[in-house]
Amino acid sequence: MIQGTQVFSFIEKKIGVTQDGEKYVAVNVLSKDNQKLSFISKNEDLINKISSLQLTKFQDIKLSFNFIRQFNREKRVSYWSCELIGVGN
């Protein structure tokens, strides 16, 4: 597992429910080189924290995230999965 923290420009946040009934939050941001990225979390405490934050468009926001190596045994491939684990101003 690799942990990272980076400052991004906030665009929007979306809170929703998956088809399986799991609540999630998606935070859409711009990187310093203007690439649009989305970070997703299903952690209830983090969802509540993000929903209570008063964020304005293009405000700098500090995000913490984990990269985890995942393996698909059927297709014999691996890939990196990213999960949002923290947010701050």
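Above this text sits the structure in question.
For the structure given in this document, a descriptive report is provided here.

Criteria and thresholds
- Residues numbered from 1 in each chain as written.
- Predicted model: local features only at pLDDT ≥ 70, side-chain atom pairs only at ≥ 80, totals over all residues.
- Heavy atoms only, no water.
- Helix = DSSP H or I, 4+ residues; strand = E, 2+ residues; numbered from the N terminus.
- Buried < 20%, exposed > 50% of the residue type's maximum accessible area, 1.4 Å probe, protein only.
- Polar contact = N/O pair within 3.5 Å; in protein donor to acceptor, adjacent residues only side chain to side chain.
- Contact = heavy atoms within 4.5 Å.
- Pairing = 2+ DSSP bridges.

With respect to the side chain of N28
- One can find N28 in strand β2 (residues 23–30).
- Assessed through its relative accessible area of 7%, N28 is described here as buried.
- At 2.4 Å, the side chain of N28 and the side chain of S38 are in polar contact.
- Filtering out sequence-adjacent residues up to four positions away, N28 remains in contact with F10, I11, E12, K14, K36, L37 and S38.

Considering the pairing of strand β5 (residues 77–88)
- Across 11 bridges, the pairing between strand β4 (residues 60–72) and β5 is antiparallel. The residue bridging F67 from the neighbouring strand is C82, located in β5.
- Here β4 folds back onto β5 in antiparallel fashion, the turn holding four residues, of which R76 has a positive phi close to 60 degrees.

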